[in-house]
Amino acid sequence: MLTDRFLRDRRGVSLEAGERARLEAAVSTTSTVEARRIIARAGEWLDQSTLLVEGIMSRYLDDRNGLRQLVAIHLPGDFVDLHAYPLKRLDHDVGTMTPATIAIVPHAELDAITEEMPELTRKLWFATLLDAAIHRAWLFRLGRLDAIGRVAHFFCETNVRLQSAGLSDGRRFNLGLTQADVAEICGLTTVHVNRVVRHLREEGLCIFRNGKVEILDAAKLARRGQFDPAYLYIDDPASPTPPDQRPRR
Amino acid sequence: MTHELSSPPPPETEAGVATAEDGVVLLDGPDGVAVTMTAAAARSTGESLVEAARRAEEQLAGKRPSGTG
C-alpha cells in the first residue's frame, strides 16, 4: 500500500484500517520522478500535496546568488508538503534528492477527510507537527554542533526515521545520498564531510560508503551528535500512550 | 511553575582548531563553527583575528582600575 509507512510506529497515531483505506482512496495519481527534480516551487499555487512512497526529497531555499540551502530532508512515508494544504503557497522549493515514487493527494480530498474524519485529521496534523519538531532539531544541529557532531546527529536521526519506516535494521541503512548531499544537509563543504566521515570510521562510530551507512557504536555516535530521539515521537511499546494521545471516538 | 531561562552563550574561551586538508583550511570550533576556507582567506582571517585580539586586550586594559595589573 502507498501509505504503509505513513506515521508507522509513531506514538499514539498509527493509522487504523479505515483511516488507511480512506487515505489510500484519496490518492489521485502515483508517479516516479527522477533525482534532482523540482516538485513544487516557492510561491506557486498548490491544490495538491505529495506523499513520498520511495526515495528521498528535500525542502530548500536559494540565496541571492542561487546557492541552495537545504532546510529539510524527507524520507519514505513522509507527507512532504502537507503544509501546502492550509498554506496553498509554500515559501520554499520541494525537490527530489534521489529517484522517487510519489503519491498525489488533491486538496479537495483533504477537505473531505477534514469534514468526515476528525481523528484522521488529527493524525495529519500530527505529521505536520512532527515536521516542525524535525526542523527544530535541524536548527540545533546547524547552530550548536561542530562538524563531527552535525554528521553524527544526521546519521542518528535518519537511522531512527528509517527504522520507523521499516527501512533500517537499526544498524544499517541505504541512505542513497552522496558526501556532497550530506555536506549540504550539514552546512559543510565536501572536504569537511570527507574528513568527518574518515574520523567517524577511525573512531569506530560508523561507516558511510557508497551511499550506505553502517552504525558501529550507536550509543557513542548518539553521544557525539548530542542526539536524543524524543523529538521523533517513536512508539515505545514499553511505555503506555499518554491519555491525551489515545485515539478519540 | 516557571524556570529561569539560560543566558545567551558567553564568549568562547576554547580556541578553534585549524587544519589543512586537500589544499584548503578547515576551521573546527570554537562551539558550532565548521568552516572551510581557501589558504588566502584563512591567512587573511588569521591576521584579522590576531589584530582584533590585540585590540580586545587593549580595551580590557583600558577598563582596569588604575593601580592594578
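Residues numbered from 1 in each chain as written. Chains lettered and ligands numbered in written order. Predicted model: local features only at pLDDT ≥ 70, side-chain atom pairs only at ≥ 80, totals over all residues.

Next up on the list: the confidence of the model for chain B. Across chain B, the average pLDDT comes to 89, with 93% of residues at or above 70. Model confidence for the complex: the whole-complex pTM is 0.90, and ipTM, which rates the interface, is 0.79. (pLDDT = per-residue confidence, 0-100.)

Turning our attention to the nonpolar core. Residue and element names in this part refer to chain A. Formed by 61 residues in total, the largest nonpolar core has its most connected members in Leu51, Val151 and Phe155. The leading source of residues in this core is helix H5 (residues 147-164), at nine residues. Beyond its immediate stretch of four places on either side in the chain, Val151 contacts Val182, Cys186, Val193, Val196 and Leu200. (Core = buried A, V, L, I, M, F, W, Y, C linked by C-beta atoms within 7 Å. Buried ≥ 20, exposed ≤ 12 C-beta atoms within 10 Å, placed from the backbone. Helix = DSSP H or I, 4+ residues; strand = E, 2+ residues; numbered from the N terminus. Contact = placed C-beta atoms within 7 Å.)

It is worth spelling out the sheet that holds strand S3 (residues 34-37) of chain B at this point. Residues and elements named next belong to chain B. Taken in spatial order, the three strands line up as S1-S2-S3 in an open sheet, and their pairing is antiparallel. At either margin of the open sheet sits one strand with a lone partner, and together these are strand S1 (17-21) and S3. In this sheet, neighbouring strand axes are inclined to one another by 20° on average, regardless of whether the strands run parallel or antiparallel. Two elements, S1 and strand S2 (residues 24-28), share five bridges in a ladder whose sense is antiparallel. Bridged to Glu21 within S2 is Val24. Relative to the sheet, helix H1 (residues 39-63) contacts S1, S2 and S3, its axis offset from that of S3 by approximately 120°. (Pairing = 2+ DSSP bridges. Axes fitted to C-alpha atoms, helices over the stretch in contact; angles between N-to-C directions.)

With that settled, consider the interface of chain A and chain B. Interface size is often expressed as the accessible area that is lost when the parts come together. Listed by partner, the interface residues are 11 residues for chain A and nine residues for chain B. Mapped onto the side of chain A that touches chain B, the elements with two or more residues apiece are helix H4 (118-144), H5 and helix H7 (190-202) of chain A. Among the elements that take part in the side of chain A that touches chain B, H7(A) stands out by supplying three residues, more than any other.

All names here are of chain A. Bridging between strand S1 (residues 29-33) and strand S7 (residues 100-106) involves five bridges; their strand directions are antiparallel. By the bridge assignment for S7, Thr30 is matched with Ala103. Bridging between strand S3 (residues 48-54) and S7 involves six bridges; their strand directions are antiparallel. Bridged to Gln48 within S7 is Pro106.

Two quantities define a packed helix pair, namely the angle between the helix axes and the distance between the axes. All names here are of chain A. Look at helix H6 (residues 179-186) against H7: their axes get within 8 Å of each other, and the N-to-C directions meet at 105°. What the angle tells us is that H6 and H7 run roughly perpendicular. Counting all contacts with H6, which are made through Gln179, Ala180, Val182, Ala183 and Cys186, the residues of H7 involved are Thr190, His192, Val193, Asn194 and Val197. Residue composition of the contact of H6 with H7, grouped by class: six nonpolar, four polar and no charged. (Parallel < 35°, antiparallel > 145°, perpendicular 65-115°, else oblique. Nonpolar A, V, L, I, M, F, W, Y, C, P; charged D, E, K, R; others polar.)

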